[in-house]
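# Reading the structure
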Amino acid sequence: MMDDDALDRALAALPLDEPPAGLHQRIMARTVYAPRTVFRTWEIWAIALLAGLASWLCWLVASAPHAADRIASASTHLIANSGLSSMNTLLWLAAGVSAAWWLVQLTLPTRRPPSIEAQ
Amino acid sequence: MLALAVEPPPVATEAPVDDQALIVAALAGHGDAFGELVGRYQRAVYHLAARTLHDAAEAEDATQEAFFKAYRALHSFRPGAKFSTWIFTICYRLCCDRIAKRKRISGDELPDRADPGAGPELLAERNDEALRLRAAIDALPEKYRTVITLYHLQGKQYEEIATVLNLPLGTVKTHLFRAKEQLRKALST
């Protein structure tokens with residue numbers, strides 16, 4: 001009967017199953033070279049749900065009696081109370097928007113990814 | 001004087017990059033680093049899937065799926081862990097899912113897809129030691145076969161085998177002992 005060492009040697013010498021030709025390429029096509037999706041499935045569902053909800057709310061508001069008059073009145077009231085009719089507020093808003101735009105335009109140096117050879 | 005324009009043989013200067021460095025590079029966007037990992041382990045992963053599932057087409061699907069899952073979850077790979085253990089664990093779980101699916105489809109207990117011709121009569125006819133050993137492994141019950149397959153792939157790293165199979169270390173050692181016992185019996189006939 002075969003002893004433990006002989007069995008270990010026989011197991012170690014046993015060749016591995018040969019994978020089918022092109023397996024490497026197929027794996028790479030599914031992983032590294034797979035086309036990048038802009039949105040994931042759950043994100044598409046979430047966007048569709050939010051869009052549907054927003055449409056329903058718009059329809060609800062628009063279908064109310066005297067909707068146009070009420071929206072115009074609410075908008076006027078909002079502008080008057082939020083200070084948007086004041087020149088000072090508008091100037092501060094313009095300064096804020098301008099600063100934000102310039103910050104967005106700034107490009108900060110990014111760290112270069114390490115190369116395989118370097119490691 | 002005759003000058004022979006013989007180019008010197010290429011000198012192997014590049015040291016093999018370890019798995020950890022390849023993972024870091026793959027995470028940094030180097031697709032070729034992940035390709036290198038695939039190249040290193042695809043054969044072993046396919047072997048594990050083929051030995052577990054006993055179906056070449058399913059084994060190929062499981063191998064692809066395992067690398068796909070590994071690629072998607074590469075950022076969660078624990079530094080210091082072994083990539084081989086990780087990818088084997090993913091592959092083994094996928095194989096278990098497939099076996100469970102087979103059982104659900106086929107009804108109650110599934111007959112193990114062992115090599116149908118691996119009976120003792122046929123074993124005796126097979127002279128080649130490797131073929132006989134392969135047939136004997138195929139004839140083992142599923143739990144022993146998987147342990148022996150991982151022992152074949154991982155060597156005497158019992159903790160790694162226990163991690164892949166999610167079994168206590170003692171159980172792995174017991175399974176391995178019984179598997180070897182059955183193999184010795186099968187090979188001595």
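Data block above holds the structure.
Structure report, in brief.

Within chain B, the regular secondary structure consists of nine helices and zero strands. Ordered by position from N to C terminus, the α and β elements of chain B give α-α-α-α-α-α-α-α-α. By residue count, 46% of the 189 residues in chain B fall in the buried class. Long-range contacts, defined as pairs at least 24 residues apart, comprise 62% of the intrachain contacts of chain B with a sequence gap of at least 6.

Regarding its fold elements, chain A presents five helices and zero strands. Looking at the 119 residues of chain A, the share that counts as buried comes to 13%. Put simply, chain A shows about 9,900 Å² of open surface, and 68% of that area lies on carbon and sulfur atoms.

Turning next to the side chain of A:Asp8. Inspection of the secondary structure assignment puts A:Asp8 in helix α1 (residues 4-13). Reaching out from A:Asp8, the side chain makes a polar contact with the side chain of B:Tyr151 at a distance of 2.7 Å.

What follows concerns the interface of chain B and chain A. Listed per partner, the contact involves 45 residues of chain B and 29 residues of chain A. Of the roughly 3,500 Å² buried at the junction of chain B and chain A (both faces included), carbon and sulfur atoms supply 66%. Between B:Glu65 and A:Arg30 there is a salt bridge, with its nearest N and O atoms 3.3 Å apart. Breaking the side of chain B that touches chain A down by element, the ones donating at least two residues are α1 (19-27), α2 (31-53), α3 (56-72), α6 (129-138), α7 (142-154) and α9 (169-188) of chain B. Partitioning the side of chain B that touches chain A into residue classes produces 23 nonpolar, ten polar and twelve charged.

The geometry of an aromatic ring pair comes down to the distance between the two centres and the angle between the two planes. In total, this model carries seven aromatic pairs over all chains according to the counting rule given. Seen from their ring centres, B:Tyr41 and B:Phe83 are 5.4 Å apart, and the 50° between their planes marks the pair as tilted. One end of the pair, B:Tyr41, is in helix α2; the other, B:Phe83, is in helix α4 (residues 83-106), and 42 residues separate them in sequence. For B:Tyr41, a relative accessible area of 15% corresponds to the buried category. Each residue in the set B:Tyr41, B:Phe77, B:Phe83 and B:Trp86 is aromatic and connected to the rest through ring pairs, giving one cluster. The ring of B:Phe68 has A:Arg30 lying over it, and the distance from NZ or CZ to the ring centre is 4.7 Å.

Okay, the state of the cysteines next. Residue and element names in this part refer to chain B. All told, the structure shown has zero disulfides over all chains when counted by the stated rule. Sulfur of Cys91: no disulfide; nearest cysteine sulfur belongs to Cys95 and is 4.1 Å away. In this structure Cys96 is not part of a disulfide, and its nearest cysteine sulfur, from Cys95, lies 7.0 Å away.

Attention shifts here to the pattern of salt bridges. Taken as a whole and assessed by the stated rule, the structure comprises 13 salt bridges over all chains. For the salt bridge of A:Asp17 with B:Arg51, the shortest nitrogen-to-oxygen distance reads 3.0 Å. On the criterion of chain membership, the pair formed by A:Asp17 in the loop between α1 and α2 (23-30) and B:Arg51 in helix α2 is interchain, its members lying in two chains. Residue A:Asp17 shares its accessibility class with B:Arg51, and that shared class is buried. The salt bridge partner of B:Asp19 is B:Arg40, with a shortest N-O separation of 2.6 Å. Taken together, the residues B:Asp19 in helix α1 and B:Arg40 in helix α2 connect sequence positions 21 residues apart. Among the residues examined, B:Arg40 registers a relative accessible area of 30% and is labelled partly exposed.

Turning to helix α4 (residues 67-82) of chain A, a few remarks are in order. Residue and element names in this part refer to chain A. For α4, built from 16 residues, the straight-helix expectation of 22 Å at 1.5 Å per residue is met to within 8% by its first-to-last C-alpha distance of 22 Å. Little of α4 sits inside the fold, with one of its 16 residues counted as buried. Phi turns positive one or two residues past the end of α4, at Gly83, with a value near 80°.

This part takes up the environment of B:Ala21. Its location among the elements puts B:Ala21 in helix α1. Sequence separation between B:Ala21 and B:Ala33 is twelve residues; the distance between their C-alpha atoms is 8.6 Å.

A positive phi is found at A:His66, a non-glycine position, where the angle reads about 55°. The exposed category is assigned to A:His66, whose relative accessible area is 61%. For B:Asn166, which is not a glycine, the phi torsion comes out positive at approximately 55°.

Thresholds applied
- Throughout this document, residue positions are counted from 1 along each chain, in the order its sequence is written.
- Whichever chain is written first becomes A and whichever ligand is written first becomes 1, with later ones labelled in order.
- Local features in a predicted model are, by the rule used here, given only for residues with pLDDT of at least 70; side-chain atom pairs are given and counted only at 80 or more, and totals for whole chains, interfaces and linings are based on all residues.
- The side-chain numbers reported here are obtained from all heavy atoms of the structure, hydrogens and water having been left aside.
- Runs of E in the DSSP output that reach at least two residues are strands. Runs of H or I that reach at least four are helices, and both are numbered from the N terminus.
- Accessible area is worked out with a 1.4 Å probe on protein chains only. A residue is then buried under 20% of its type maximum, exposed over 50%, and partly exposed in between.
- Between two residues, a contact is recorded if the distance between any of their heavy atoms is within 4.5 Å.
- Areas reported as accessible are Shrake-Rupley estimates using a 1.4 Å probe. Residue values count occlusion only from the protein chains shown.
- Throughout this description, a polar contact denotes any pair of N or O atoms lying within 3.5 Å of each other; where both atoms belong to protein, one of them has to be capable of donating a hydrogen while the other can accept it, and for residues adjacent in sequence the pair is counted only when both atoms sit in side chains.
- Buried area: the sum, over both parts, of the accessible surface (1.4 Å probe) that disappears when the two are put together.
- For this document, the term salt bridge refers to a Lys or Arg side-chain nitrogen within 4 Å of an Asp or Glu carboxyl oxygen.
- Any residue that is not Ala, Val, Leu, Ile, Met, Phe, Trp, Tyr, Cys, Pro, Asp, Glu, Lys or Arg is counted as polar, Gly included; the first ten are nonpolar and the last four charged.
- By convention, a stacked pair of Phe, Tyr or Trp rings (six-membered ring in the case of Trp) has centres within 6.5 Å and planes under 30 degrees apart, an edge-to-face pair has planes over 60 apart, and any other such pair is tilted.
- A positively charged side chain is recorded as over a ring if its NZ (Lys) or CZ (Arg) lies within 6 Å of the ring centre. The angle to the ring normal must also be within 35 degrees.
- For the purposes of this analysis, a disulfide is any pair of cysteine sulfur atoms at a distance within 2.5 Å.
- Every helix has an expected span of 1.5 Å times one less than the residues it contains.

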